[in-house]
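The residues making up each chain are set out below.
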Amino acid sequence: MATARGIQGLPPEVFDIILYYLGDTKSLLQSCSLVCRTWLHASRPRLFSTAVAGINARALFRRARRRMHN
(Lines give C-alpha, C1' and ligand atoms only; values in the text may rest on other atoms or scores of the structure.)
Protein backbone atom coordinates (compact mmCIF):
# COMPACT_ATOMS: atom_id res chain seq x y z
CA MET A 1 0.00 0.00 0.00
CA ALA A 2 1.43 3.36 -1.01
CA THR A 3 1.60 6.15 1.55
CA ALA A 4 0.74 9.74 0.72
CA ARG A 5 3.62 12.17 0.95
CA GLY A 6 3.80 15.91 1.29
CA ILE A 7 0.96 18.27 1.98
CA GLN A 8 -1.40 16.41 -0.36
CA GLY A 9 -1.47 13.59 2.19
CA LEU A 10 -3.00 15.76 4.91
CA PRO A 11 -6.76 15.67 5.56
CA PRO A 12 -8.72 18.47 3.81
CA GLU A 13 -9.83 19.81 7.21
CA VAL A 14 -6.24 20.86 7.91
CA PHE A 15 -6.28 23.19 4.91
CA ASP A 16 -9.63 24.62 5.97
CA ILE A 17 -8.21 25.40 9.42
CA ILE A 18 -5.13 27.06 7.92
CA LEU A 19 -7.24 29.17 5.56
CA TYR A 20 -9.54 30.12 8.44
CA TYR A 21 -6.57 31.59 10.31
CA LEU A 22 -5.31 33.40 7.19
CA GLY A 23 -8.64 35.18 6.85
CA ASP A 24 -10.44 36.26 3.70
CA THR A 25 -7.73 38.43 2.19
CA LYS A 26 -8.10 37.94 -1.55
CA SER A 27 -4.38 38.18 -2.34
CA LEU A 28 -3.52 35.53 0.29
CA LEU A 29 -6.24 33.20 -0.96
CA GLN A 30 -5.06 33.65 -4.55
CA SER A 31 -1.52 32.74 -3.50
CA CYS A 32 -2.77 29.69 -1.61
CA SER A 33 -4.72 28.53 -4.66
CA LEU A 34 -1.46 28.37 -6.63
CA VAL A 35 0.35 26.02 -4.20
CA CYS A 36 -1.25 22.78 -5.45
CA ARG A 37 -4.64 21.34 -6.36
CA THR A 38 -5.48 20.55 -2.75
CA TRP A 39 -4.94 24.18 -1.77
CA LEU A 40 -6.89 25.30 -4.84
CA HIS A 41 -9.91 23.23 -3.81
CA ALA A 42 -9.68 24.55 -0.24
CA SER A 43 -9.33 28.22 -1.19
CA ARG A 44 -11.78 28.39 -4.13
CA PRO A 45 -14.99 28.56 -2.03
CA ARG A 46 -13.55 31.44 -0.01
CA LEU A 47 -12.38 33.29 -3.12
CA PHE A 48 -15.77 33.12 -4.81
CA SER A 49 -18.12 33.21 -1.82
CA THR A 50 -19.34 36.72 -2.65
CA ALA A 51 -20.51 37.88 -6.04
CA VAL A 52 -20.30 41.58 -6.76
CA ALA A 53 -22.16 43.10 -9.67
CA GLY A 54 -21.14 46.47 -10.97
CA ILE A 55 -23.53 49.19 -12.01
CA ASN A 56 -23.36 48.17 -15.67
CA ALA A 57 -24.18 44.54 -14.89
CA ARG A 58 -27.18 45.61 -12.82
CA ALA A 59 -28.44 47.87 -15.58
CA LEU A 60 -28.10 45.06 -18.12
CA PHE A 61 -29.96 42.70 -15.82
CA ARG A 62 -32.81 45.21 -15.37
CA ARG A 63 -33.09 45.72 -19.13
CA ALA A 64 -33.15 41.99 -19.78
CA ARG A 65 -35.79 41.52 -17.11
CA ARG A 66 -38.00 44.26 -18.60
CA ARG A 67 -37.72 42.68 -22.04
CA MET A 68 -38.74 39.31 -20.65
CA HIS A 69 -41.88 40.78 -19.08
CA ASN A 70 -42.90 42.85 -22.12
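Everything here concerns the structure above.
Please read all numbers here as calculations on a predicted model, not as lab measurements. (Residues numbered from 1 in each chain as written. Predicted model: local features only at pLDDT ≥ 70, side-chain atom pairs only at ≥ 80, totals over all residues. Heavy atoms only, no water.)

Caption draft 1: Molecular detail of the packing of aromatic side chains. Inspection of every chain in the model, using the stated rule, returns two aromatic pairs. Taken together, a centroid distance of 5.2 Å and an interplanar angle of 70° make the contact between Phe15 and Trp39 edge-to-face. In this pair, Phe15 sits in helix α1 (residues 12-22) while Trp39 sits in helix α3 (residues 37-47), placing the two residues 24 residues apart along the sequence. Ring centres of Tyr20 and Tyr21 lie 5.3 Å apart, and the angle between their planes is 80°; this geometry places the pair in the edge-to-face category. The exposed category is assigned to Tyr20, whose relative accessible area is 57%. On the basis of relative accessible area, Tyr21 is assigned to the exposed category, the value being 67%. (Phe/Tyr/Trp six-rings, centres within 6.5 Å; stacked < 30°, edge-to-face > 60°. Helix = DSSP H or I, 4+ residues; strand = E, 2+ residues; numbered from the N terminus. Buried < 20%, exposed > 50% of the residue type's maximum accessible area, 1.4 Å probe, protein only.)

Caption draft 2: How the structure looks around α3. For α3, the complete set of buried residues consists of Trp39, Ala42, Ser43 and Leu47. All buried residues of α3 lie within an arc of 135° about the axis, which places them on one face of the element. Residues of α3 that are exposed and point over 90 degrees away from its buried face: Arg37, His41 and Pro45. Of the surrounding secondary structure, the elements contacted by the buried residues of α3 are α1 and α2 (26-33). (Arc of directions from axis to C-beta. Contact = heavy atoms within 4.5 Å.)

Caption draft 3: Expanded view of the state of the cysteines. This model, assessed by the stated rule, comprises zero disulfides. Free cysteine Cys32: the closest other cysteine sulfur is in Cys36, separated by 10.0 Å. Given a relative accessible area of 9%, Cys32 falls into the buried group. (Disulfide = S-S within 2.5 Å.)

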